[in-house]
Amino acid sequence: MNTPLMPKATAVWLVDNTALTFDQIAHFCRLHPLEVAAIADGEAAMSIKGVDPILTGQLTREEIEKGQNDSEYRLKRSENKVRVPVAKRKGPRYTPVSRRQDRPNAILWLLRNHPELKDAQIMRLVGTTKPTIESIRNRTHWNANNLTPLDPVTLGLCAQLDLDMEVEKAAKDAPAEPQAEEGATLLPAAETAIAPAEPVEPASPAAEPDRGEEADIEADAVFAKLKSLKGPEPSAEDDA
């Protein structure tokens, strides 16, 4: 007989609510009779709340009554109405013989498109071995020159849901990327503002040359040159 769910909690309830013997409770709950006696005396399982095996479907009232009427009777556990699925043995995924030739192409696709995946994850997805993954990664596979990356989902080697879960798990386990160093920042506006140009004072009138005087000098020079070309003027004595 299998051990009932929460054996100590079930034993607490049977001790408090039935007239079963310690041996009967110990046999049903897979405990030692002295441990059941300690529970009855309040020396053990004091903080455990009792669980009704009738509500959990492990015992029936008729079975309890049979045990109370006959101290030699051994309680029999009721059959579970809900079938608990047996946990599958973890191991490499089985690949049909007809698709095993496509596994190297699927491995190459995973290595190229999802380099964050670990070898163990690739092994679970396509049912391969670590030496095969290493040979394809290092291009030492016997058929490396003829391999073509192909999506394992399209090839039927794994489900899209399984691939998404493995990729998401690999992304969470990946180390955080170091933040890039900040480049040179812009200078504050106060430093980059161009200082206003100093006003240029207008030149004083005294500093500017007298344009009128320059014009008179040029006119006198012209007349003097003309007189030198005409020759000397006749004097009064020559006229007499």
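The preceding data block contains the structure.
Criteria and cut-off values
- Residue positions are given per chain, counting from 1 as you read along its sequence in written order.
- The predicted nature of this model means local features are confined to residues of pLDDT at least 70 and side-chain atom pairs, given and counted, to a pLDDT of 80 or more, with totals for whole chains, interfaces and linings taken over all residues.
- Note: side-chain values were computed over all heavy atoms of the structure, leaving out hydrogens and water.
- Throughout, nonpolar core names a set of buried Ala, Val, Leu, Ile, Met, Phe, Trp, Tyr and Cys residues whose side chains join them through atoms within 4.5 Å.
- Burial classification: accessible surface area is computed with a 1.4 Å probe over protein chains only, and a residue below 20% of its type maximum counts as buried, one above 50% as exposed, and the rest as partly exposed.
- Helix numbers and strand numbers start at the N terminus; a helix is a DSSP run of H or I with at least 4 residues, a strand a run of E with at least 2.
- Should any heavy atoms of two residues lie within 4.5 Å, those residues are counted as being in contact.
- Any Lys or Arg side-chain nitrogen found within 4 Å of a carboxyl oxygen on Asp or Glu counts as a salt bridge.
- Lines are fitted to the C-alpha atoms to define the axes, a helix being fitted only along its stretch in contact, and any angle between axes, read from their N-to-C directions, falls within 0 to 180 degrees.
- When describing relative orientation, an angle under 35 degrees is termed roughly parallel and one over 145 degrees roughly antiparallel, while 65 to 115 degrees is termed roughly perpendicular and anything else oblique.
- Take the far helix as the reference: if the near one is turned anticlockwise from it by less than a right angle, the crossing is left-handed, and if turned clockwise, right-handed.

### Here we look at the nonpolar core
Working step 1: Ranked by internal contacts, the top residues of the largest apolar core, which has 19 residues, are I107, L110, L117, I122, L125, V126 and L163.
Working step 2: Breaking this core down by element, the ones donating at least two residues are α5 (103–113), α6 (119–126), α7 (130–137) and α9 (160–173).
Working step 3: It is α5 that contributes the most residues to this core, six residues altogether.
Working step 4: For L110, the residues in contact, after removing those within four places along its chain, are P115, L117, I122, L125, V126, P152 and L163.

### Here we look at the pattern of salt bridges
Where charged atoms from two side chains of opposite charge approach closely, those side chains can pair.
Working step 1: Tallied over the full model, the rule gives five salt bridges.
Working step 2: One salt bridge in this structure joins K8 and E35, with 3.4 Å as the shortest N-O distance. Of this pair, K8 sits in helix α1 (residues 7–17) while E35 sits in helix α3 (residues 33–40), and the two are 27 residues apart along the sequence.
Working step 3: Note on K8: relative accessible area 39%, which makes it partly exposed.
Working step 4: Judged by its relative accessible area of 27%, E35 is partly exposed.
Working step 5: A salt bridge links K172 to E168; the shortest N-O distance between them is 3.8 Å.

### Here we look at the packing of helix α2 (residues 22–29) against α3
Working step 1: Running from N to C, α2 and α3 cross one another at 115°; their axes reach a closest spacing of 8 Å. Classified by the interaxial angle, the pair formed by α2 and α3 is roughly perpendicular. You can see that α2 and α3 cross each other, and the crossing is right-handed. Within the contact between the two elements, α2 uses F22, D23, I25 and A26 and α3 uses P33, V36, A37 and A40.

### Structural notes on unusual backbone geometry
Working step 1: Positive phi outside glycine occurs at R30, with the angle close to 60°.
Working step 2: The residue R30 is located in the loop between α2 and α3 in this model.
Working step 3: Looking at R30, the relative accessible area reads 41%, which means it is partly exposed.
Working step 4: The backbone phi angle of R139 is positive, close to 60°, even though this residue is not glycine.
Working step 5: Along the chain, R139 falls in the loop between α7 and α8 (152–155).

### Some remarks on the packing of α1 against α3
Working step 1: In contact at an axis separation of 10 Å, α1 and α3 are set at 60° when each is read in the N-to-C sense. The orientation of α1 with respect to α3, classified from their angle, is oblique. Once α1 is placed against α3, the crossing between them reads as right-handed. For the pair α1 and α3, contact is made by K8, A11, V12 and V15 and by E35, V36, I39 and A40, respectively.

### Topic: α2
Working step 1: Residues Q24, I25, A26, F28 and C29 constitute the buried set of α2.
Working step 2: On its buried face, α2 sits against α1, α3 and α4 (61–69).
Working step 3: Backbone geometry just downstream of α2 places R30 in the positive-phi region, at approximately 60°.

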